[in-house]
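# Structural features, examined
If you want the building blocks of each chain, they are given just below.
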Amino acid sequence: MNESKRKMASLFIASPNETKKSRNECTQEGVRAGTKAAVITAVIATVPTLAACRVLPWAKANLNYTGQALIISAASIAAFFITSDKTIHECARANADYDKST
């Protein structure tokens, strides 16, 4: 694919000061950081959720397996998106080539 077709196939419009290489690197870095955060959050959210369902009478009565899975997955998904978004924005700011004279 030549450069003009690749630009047309892209879903996002790059800033004139932004290169394609830095965009892909920032995206990959964000996905990597988000995945790490999601895994850590899943482990951390699993322990108290399962413990509460065994000990607390309210949780025993009201949280079935689906409810437990929703609590754990909601925490993991939120951690992934928040962390990846922050990482991508931080990387983009670091790689931005602004004209600081104006």
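Before going into details, it helps to say that this report is about the structure given with it. (Residues numbered from 1 in each chain as written. Predicted model: local features only at pLDDT ≥ 70, side-chain atom pairs only at ≥ 80, totals over all residues. Heavy atoms only, no water.)

Turning our attention to the overall build of the protein. Within the protein one finds four helices and zero strands. Listing every helix and strand of the protein by position from the N terminus yields α-α-α-α. Looking at the protein as a whole, 19% of its 102 residues are labelled buried. Nonlocal contacts in the protein, meaning residues at least 24 apart in sequence, comprise 67% of its contacts between residues at least 6 apart. Carbon and sulfur atoms make up 64% of the accessible area of the protein, which amounts to about 8000 Å² in all. (Helix = DSSP H or I, 4+ residues; strand = E, 2+ residues; numbered from the N terminus. Buried < 20%, exposed > 50% of the residue type's maximum accessible area, 1.4 Å probe, protein only. Contact = heavy atoms within 4.5 Å. Areas by Shrake-Rupley, 256 points an atom, 1.4 Å probe, with all protein chains shown as cover.)

Here the focus is the side chain of Ser76. Looking at where Ser76 falls in the secondary structure, it is placed in helix H4 (residues 65–95). With relative accessibility at 12%, the residue Ser76 sits in the buried group.

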